[in-house]
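Below are the chains, spelled out letter by letter.
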Amino acid sequence: MFYRPIVDPKPLPHDPFKAIIAPRPIGWISTLNKDGTANLAPYSFFNGVQDEPPMIMFAEGGPKMGIDEPKDSVRNIQETGEFCVNIVSDALKDAMNVTSAHLPYGTDEFVEAGLDKGIAKVIKTPYVAASPVVMECKLHQIVPLLGNGQMVIGEVVGIHIQDAHIKDGILDVTSYAPLARLGYRDYTSVMDVFSLNRPGQS
Ligand SMILES: Cc1cc2nc3c(=O)[nH]c(=O)nc-3n(C[C@H](O)[C@H](O)[C@H](O)COP(=O)(O)O)c2cc1C
């Protein structure tokens, strides 16, 4: 089959776009609002975009989400210029899901999900203490997308890794099984890993 998104009538009962770009890592974004209240929400339009210096992006959805105002995470980042990316282990999936609820501005989703806060070292925004890996970030740029979407690009200025997940100097992702989003309501957790040498590498 072939179709042109937006232009052609719905080709399938459910939009397959997110199932095509799968698996997507989940950036569990913690922020502070101007009054100092914490906010926490998952974003699967999330990825690293370069490693020297390390930079990441996440994006909030456009008109499909039916919301004209920026989401709380983006609004807070506009106001404070900083955020943390918390990595979601398989064990944290239910807590992550609780924090995806659309709650009134100023609601602390750490409290809603029963999560303890860790104190960041470089920035002021708290992080999810139970997350195996956390990146403290400073805002680099917010890029408007087509529709009402916005992409937040951040510089990673601090990285926390729980010692239990470092084995022989390597970050062992299988020890915490990072959660990733597929299409529809589906998820996967990374438990199965194999290595490949690039051509010319031994
Ligand atoms: C696994 C998962 C991934 C999500 N990814 C996105 C995303 O990439 N972009 C987006 O706009 N909303 C995404 N959402 C929905 C937001 O988490 C939800 O709208 C949330 O209420 C936003 O919170 P905030 O207003 O506190 O930022 C996702 C939800 C889940 C459960």
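All figures in this text were calculated on a predicted structure; none of them were measured in a lab.

Let us now look at unusual backbone geometry. Peptide bonds are trans in most cases, and residues, glycine excluded, mostly fall at negative phi. Geometrically, the link from Ala 22 to Pro 23 is a cis peptide bond, its omega value of 5 degrees lying close to zero. Assignment of secondary structure puts Pro 23 in the loop between helix 1 (17-20) and strand 1 (24-25). With an omega dihedral of -10 degrees, the bond running from Glu 52 to Pro 53 counts as a cis peptide bond. Among the secondary structure elements, Pro 53 is positioned in the loop between strand 4 (46-51) and strand 5 (54-60). One non-glycine residue with positive phi stands out, namely Asp 168, at about 55 degrees. When you line up the elements, Asp 168 lands in the loop between strand 11 (166-167) and strand 12 (170-171). The phi angle at Tyr 184 is positive, at roughly 55 degrees, despite the residue not being glycine. The residue Tyr 184 is located in the loop between strand 13 (179-181) and strand 14 (187-189) in this model. Judged by its relative accessible area of 44%, Tyr 184 is partly exposed.

Burial of strand 6 (residues 82-87) is extensive: six of the six residues sit out of reach of the surface. Because side chains alternate across strand 6, one face comprises the buried residues Glu 82, Cys 84 and Asn 86, and the other comprises Phe 83, Val 85 and Ile 87, equally buried. By the bridge criterion, five bridges tie strand 6 to strand 9 (residues 133-144) in an arrangement that is antiparallel. What sits directly across from Asn 86, in strand 9, is Val 134.

What the three strands build is an open sheet, ordered 1-13-14; its pairing is antiparallel. The sheet is open, and its two edges are formed by strand 1 and strand 14, each paired on a single side. With two bridges joining them, strand 1 and strand 13 adopt antiparallel strand pairing. Bridge pairing in strand 13 links Arg 24 to Arg 181.

With that settled, consider the sheet that holds strand 5. Ordered by their spatial adjacency, seven strands build an open sheet running 3-2-6-9-10-5-4, and the pairing between neighbours is antiparallel. At either end of the open sheet lies a strand with only one pairing partner, and these are strand 3 (38-43) and strand 4. On average, each strand axis in the sheet is inclined to that of its neighbour by 35 degrees, with strand direction left out of account. Direction of pairing for strand 4 relative to strand 5: antiparallel, over a ladder of five bridges. In the sheet register, Phe 46 faces strand 5, and the bridge partner there is Phe 58.

The next subject is helix 2 (residues 72-80). Asp 72, Ser 73, Val 74, Asn 76 and Ile 77 are the residues of helix 2 that are buried. In this structure, the buried side of helix 2 is in contact with strand 2 (27-32), strand 3, strand 5, strand 6, strand 9 and strand 10 (150-161).

The local shell around the ligand holds 21 residues, among which Asn 39, Tyr 43, Gly 61, Lys 71 and Ser 73 are the closest. Contact distances for the ligand include 2.7 Å between an oxygen atom and a side-chain N or O atom of Lys 71. In this structure, Ser 100 approaches the ligand through a main-chain N or O atom, which is 3.2 Å from an oxygen atom. Burial of the ligand by the surrounding chains reaches 89%, relative to a free accessible area of 640 Å². Secondary structure elements with two or more residues in the shell around the ligand: strand 3, strand 5 and helix 2. Sort the elements by how many residues they give to the shell around the ligand and strand 3 lands first, with four residues. Among the residues making up the shell around the ligand, the classes are represented as 10 nonpolar, six polar and five charged.

Conventions used here
- Residues numbered from 1 in each chain as written.
- Predicted model: local features only at pLDDT ≥ 70, side-chain atom pairs only at ≥ 80, totals over all residues.
- Heavy atoms only, no water.
- Helix = DSSP H or I, 4+ residues; strand = E, 2+ residues; numbered from the N terminus.
- Buried < 20%, exposed > 50% of the residue type's maximum accessible area, 1.4 Å probe, protein only.
- Pairing = 2+ DSSP bridges.
- Axes fitted to C-alpha atoms, helices over the stretch in contact; angles between N-to-C directions.
- Contact = heavy atoms within 4.5 Å.
- Near = heavy atom within 4 Å.
- Polar contact = N/O pair within 3.5 Å; in protein donor to acceptor, adjacent residues only side chain to side chain.
- Areas by Shrake-Rupley, 256 points an atom, 1.4 Å probe, with all protein chains shown as cover.
- Nonpolar A, V, L, I, M, F, W, Y, C, P; charged D, E, K, R; others polar.

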